[in-house]
Amino acid sequence: MDTSSQQLLAAVVGRLIPGDAASPGAHEAGVPDFVRGELGGHFAAEQDAVVAGLRSLDAAARTAHGVSFVDVSAADQDHLLAAVETAPFFEMLLQLSIDGFLCDPRHGGNRDGVGWRVVGYPGVVLTPTEEQQQIGTPIGFGGLTVEDVSL
Amino acid sequence: MSGYDVVVVGLGAAGTIATRRLAESGLRVLALEAGGSYASTDFLPDQLLNQRRGALTSGKTAAEMPTVRRDVANVAVRPPFGGLTMNAVGGTKIHSGNGHLRLPPWQFRSRSNLLERYGEQVLPPEISLADWPVTFDDVVPFYDELELVHGVSGEPGPERFVGPRTQPYPNPPLRRSGYNELMTAAASRLGWTPFATPAAIRSRPYGGRGACTYCGQCVFNGCYADAKGVLRIEDVLGSRGSVEVRTHARVTRVLTGSDGTATGVEIVADGSTTTETVRARAVMLAAYTYENVRLLHLSAGGDHPSGLGNSTDQLGRHFSTHAFGFAFGSFGGREMNTWTGSMSQAVSVEEFNADHVDHTDLGFVGGGSLLAMMEKLTMLMARQPPPSAGRWGEGYKRWLAEDFRSMAHVHFWADEMPHRDGRLDLDPTHVDPTGTPVLRITKPLLENDARSFAYLAEQGHAWLREAGASETWSSPYHPFDISPHAFGGARMGDDPATNVTDSWQRLHDAANVYVLGGATWPSSTGTNPTPTIEALAMRSAGHLVEELS
Ligand SMILES: Cc1cc2nc3c(=O)[nH]c(=O)nc-3n(C[C@H](O)[C@H](O)[C@H](O)COP(=O)(O)OP(=O)(O)OC[C@H]3O[C@@H](n4cnc5c(N)ncnc54)[C@H](O)[C@@H]3O)c2cc1C
Ligand code: SF4
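An unreviewed UniProt entry lists chain A under the name Gluconate 2-dehydrogenase subunit 3 family protein, from Nocardioides mangrovicus.

Here you go:
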């Protein structure tokens, strides 16, 4: 994937799961790198379609705002994305972003368990206690990756 | 004569339990499995690997996925997502949730029961529902034995929904979580009769096998703790030395003699292109619904040019599946702690299954199970935000951060009715990587099934609201043509003119060929299928032993 496509991808993914003052988002969890890895690996067959989609999105930004998608405001980026949210390339990026935010960190996404901590998922907890299955109390963080647990 | 008494095709849920029964007889048995075999330590609790990438389900079964169309005027296409069944000793049960409910007695004569209660007009001509040729009482001894084999955990449910029981479950129910308790209380307030979902998961060590630790990576994954009731090679060999198991060997057709009965099977070992012939006095097909029916079609020849068991043009008819759905509730800001556990660590509500509620004014027949379950799989459920949050962007992110933890769910599945014009046959153009035609599904949709699904979803919403959910929503109806709950195609019934198999699941056309699994079911029922698949397989194996002795 060329540099400009990579930048577009990062910008899009950053709006799908945006970070804000309250909590980190896709960028902080390393999602852009994860998505790129998937498109070069497990989902290589989809890469061309995604890149084409990103370029058309960029073209739409230039038509509407005279600058690249990367350089328009977050609000305008959201408008441009809303216009393509039923396109297959958008769906692909959304699915991969969710994967990248919440997967086991050994796959490159969810860096340092950032995504898991945001949603309150306790990580790898193979033997939760009775207490930890009650409603109400956050159960605390278990293992960060399956590689740390012995089965 | 050289060869075997019995060859079993496929060592999944049905094939393993049948082989185990055959092993007691001392008959010479060869059990063939297309996949390999796993140890508990092979199963990593890694959702990207298991659920998203289908680590366990991307083998033969994915490569030969059937094509689908709604009616004969259209060309069938390959659906975009996989079927979730798998290839290995233990079969799809390895990564199943292993909920373990018996069929309610009502289901065994659903057609007659409906006509008696509501009159002839209740079933439109296109719904080809039929009574089963076996009764609840025929199956009970095998249900009983099966629970002991697997060490099923549970508590007796309400008898009018789950039938009478004469023995306790060998293990107590899986642990009750906070969410389980909340939903039990809510169901009781609604006047329902909730009970702990019985599961082929051991709640304590049993028979030298492990107990559940509530690891939260149960479905789509095998059990690292060896707590699931899944049989392994050593469990099916018996003590008489008469059973051989061969993995990585796929059956490509059933061979028949001049009288039309089976003489054995043709197999291809992994990595080989040449076929081998295995001779046997009887064949038990246990390769799951789609492959069982496909193999019968592929075994055309001699006096059965249009497929084995198809002399009356019935092979492939009356196909149906379950429509899976979820209802979700947001419990405003509370930590629900449903991340861990098993999906079978659940509360069952059976009020809306079968014909337990009066359908007079409902506009549909049938129903299904509702379960309030643990094991909120993060990556799967993060794809199910409430409509108010949006699917992406700032609203979605806020939901992820603040409310995803407060979401809990009810799972349900509606029984589809078999359709008169539905059919499973061989696809004229699509082939699997070996060049063999894949199965083609023709399945018209029924308004009945969409209504039944919507009704169950409504009950899910009501249940969650009663439990305190401030917002509820649900997944949309869509049919699951490629399903791990697939039924019909080799319907069992006494009349050979309208059925492929008899009450022993044996071909009417070839008395030494048995079909084990959902393919023989005359109706999809609204209940988890595996215990009944297994019980019927045990019953058939017992029958075959008598036939051959
Ligand atoms: C995610 C999930 C959750 C589930 N949850 C539940 C649940 O909670 N409760 C429940 O009751 N059921 C559940 N099920 C369904 C359950 O897994 C099936 O009902 C059950 O496995 C069917 O048993 P079977 O023996 O017919 O087929 P399988 O278990 O699929 O076994 C078929 C075997 O045949 C082999 N085979 C296929 N073709 C050939 C060939 N040509 N030659 C040789 N071997 C072949 C396959 O490799 C496989 O091992 C679930 C399924 C899934 C996927
Ligand atoms: S939840 Fe229990 S049965 Fe399921 S995989 Fe984990 S330990 Fe095994």
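Let us keep going from here.
Draft legend 1. The arrangement of the overall build of chain A in detail. A tally of helices and strands in chain A yields six helices and zero strands. Ordering the α and β elements of chain A from the N terminus gives α-α-α-α-α-α. Projected onto its principal axes, the C-alpha coordinates of chain A cover approximately 60 × 30 × 25 Å. Buried residues in chain A amount to 50% of all 151 residues. Expressed as a percentage of contacts within chain A between residues at least 6 apart in sequence, the contacts between residues at least 24 apart total 58%. Just so you have it, chain A exposes about 6,500 Å², and 51% of that area is on carbon and sulfur atoms. Across chain A, 7 positive and 20 negative side-chain charges occur, with their mean positions spaced 7 Å apart.

Draft legend 2. Seen up close, the overall build of chain B. Within chain B, the regular secondary structure consists of 13 helices and 17 strands. The C-alpha radius of gyration computed for chain B amounts to 22 Å, which stays within 12% of the reference 24 Å derived for 549 residues, consistent with globular compactness. Oriented by its inertia axes, the alpha-carbon framework of chain B measures out at about 70 × 55 × 50 Å. For chain B, buried positions account for 66% of its 549 residues. In chain B, once contacts between residues fewer than 6 apart in sequence are set aside, the share between residues at least 24 apart is 75%.

Draft legend 3. A look at the sheet that holds strand β3 (residues 67-69) of chain B. Residues and elements named next belong to chain B. What the three strands build is an open sheet, ordered β3-β14-β13; its pairing is mixed. Strand pairing shows two members of the sheet lacking a second neighbour, β3 and β13 (423-431), which therefore form its edges. Looking at each pair of strands side by side, their axes are set apart by 35 degrees on average, direction ignored. Two strands pair when backbone bridges link them, and β13 and strand β14 (residues 437-442) are joined in this way by five bridges, in the antiparallel orientation.

Draft legend 4. Looking closely at unusual backbone geometry. At Asp112(A), a position not held by glycine, the phi torsion is positive, near 55 degrees. The phi torsion at Glu375(B) lies on the positive side, around 65 degrees, for a residue other than glycine. In this fold, Glu375(B) is placed in the loop between β11 (370-373) and α10 (378-381).

Draft legend 5. Up close: the domain arrangement of chain A. All names here are of chain A. Parsing chain A into structural domains produces domain 1 (3-119) and domain 2 (121-151). Between the C-alpha centres of domain 1 and domain 2 the distance comes to 29 Å. In this complex, domain 1 contributes eight residues to the contact, which on the side of domain 2 involves nine residues. Between domain 1 and domain 2 the total buried area reaches about 700 Å² when both faces are included, carbon and sulfur atoms providing 64% of it. Summed over the three residues of domain 1 that lose the most area to domain 2, namely Arg-106, Trp-116 and Arg-117, the buried surface amounts to 67% of that side.

Draft legend 6. Quick look at the nonpolar core. Membership of the largest hydrophobic core comes to 67 residues, with the highest contact counts inside it found for Val35(A), Phe69(A), Leu93(A), Leu400(B) and Phe404(B). For this core, the element with the most residues is helix α5 (residues 88-102) of chain A, which contributes nine residues. Ignoring anything within four residues of it in the chain, the contact list for Leu93(A) reads Leu9(A), Val12(A), Leu16(A), Val35(A), Leu39(A), Val50(A) and Leu54(A). Leu22(B), Val140(B), Phe142(B) and Ala541(B) belong to the second largest nonpolar core, which has 42 residues in total.

Draft legend 7. Just the pattern of salt bridges, in detail. All names here are of chain B. Within the structure shown, the criterion is met by 44 salt bridges over all chains. For Glu-466, the salt bridge identified is with Arg-189, shortest N-O distance 2.7 Å. Linking Glu-466 in helix α12 (residues 447-466) with Arg-189 in helix α7 (residues 178-189), this pair joins segments that are 277 residues apart in sequence. Among the salt bridges present, the one from Asp-226 reaches Arg-232, with a minimum N-O distance of 3.3 Å. Three or more residues are tied together by salt bridges with common partners; here these are Arg-202, Arg-209, Asp-226, Arg-232, Glu-234 and Asp-235.

Draft legend 8. Broad picture of empty space enclosed by the protein. A full pass over the atoms with the stated rule returns four cavities of 30 Å³ or more. Estimated volume of the largest cavity: approximately 150 Å³. Every residue lining the largest cavity is counted, 21 residues in all, and those nearest its centre are Trp116(A), Tyr121(A), Gly123(A), Pro45(B) and Gln217(B). Looking at side-chain class alone, the lining of the largest cavity contains 13 nonpolar, six polar and two charged residues. For the lining of the largest cavity, the two domains that each supply at least three residues are domain 1 (3-119) and domain 2 (121-151) of chain A. Volume-wise, the second largest cavity comes out at about 120 Å³. Lining the second largest cavity are 18 residues, and of these Cys215(B), Gln217(B), Cys218(B), Cys223(B) and Tyr224(B) sit closest to its centre.

What counts, and where the lines are drawn
- Residues numbered from 1 in each chain as written.
- Chains lettered and ligands numbered in written order.
- Predicted model: local features only at pLDDT ≥ 70, side-chain atom pairs only at ≥ 80, totals over all residues.
- Heavy atoms only, no water.
- Helix = DSSP H or I, 4+ residues; strand = E, 2+ residues; numbered from the N terminus.
- Buried < 20%, exposed > 50% of the residue type's maximum accessible area, 1.4 Å probe, protein only.
- Contact = heavy atoms within 4.5 Å.
- Areas by Shrake-Rupley, 256 points an atom, 1.4 Å probe, with all protein chains shown as cover.
- Lys, Arg positive; Asp, Glu negative; His and termini not counted.
- Charge placed at Lys NZ, Arg CZ, Asp CG, Glu CD.
- Rg over C-alpha atoms; globule rule 2.2 N^0.38 Å.
- Pairing = 2+ DSSP bridges.
- Axes fitted to C-alpha atoms, helices over the stretch in contact; angles between N-to-C directions.
- Domains from an automatic or database assignment.
- Buried area = accessible area lost by both parts, 1.4 Å probe.
- Core = buried A, V, L, I, M, F, W, Y, C linked by side-chain atoms within 4.5 Å.
- Salt bridge = Lys/Arg side-chain N within 4 Å of Asp/Glu carboxyl O.
- 1 Å grid on protein atoms, 1.4 Å probe; cavity = no way out; pocket = protein on both sides within 12 Å on 5 of 7 lines; lining within 4 Å.
- Points joined across faces, edges and corners; volume = space filled by probe spheres on them.
- Nonpolar A, V, L, I, M, F, W, Y, C, P; charged D, E, K, R; others polar.

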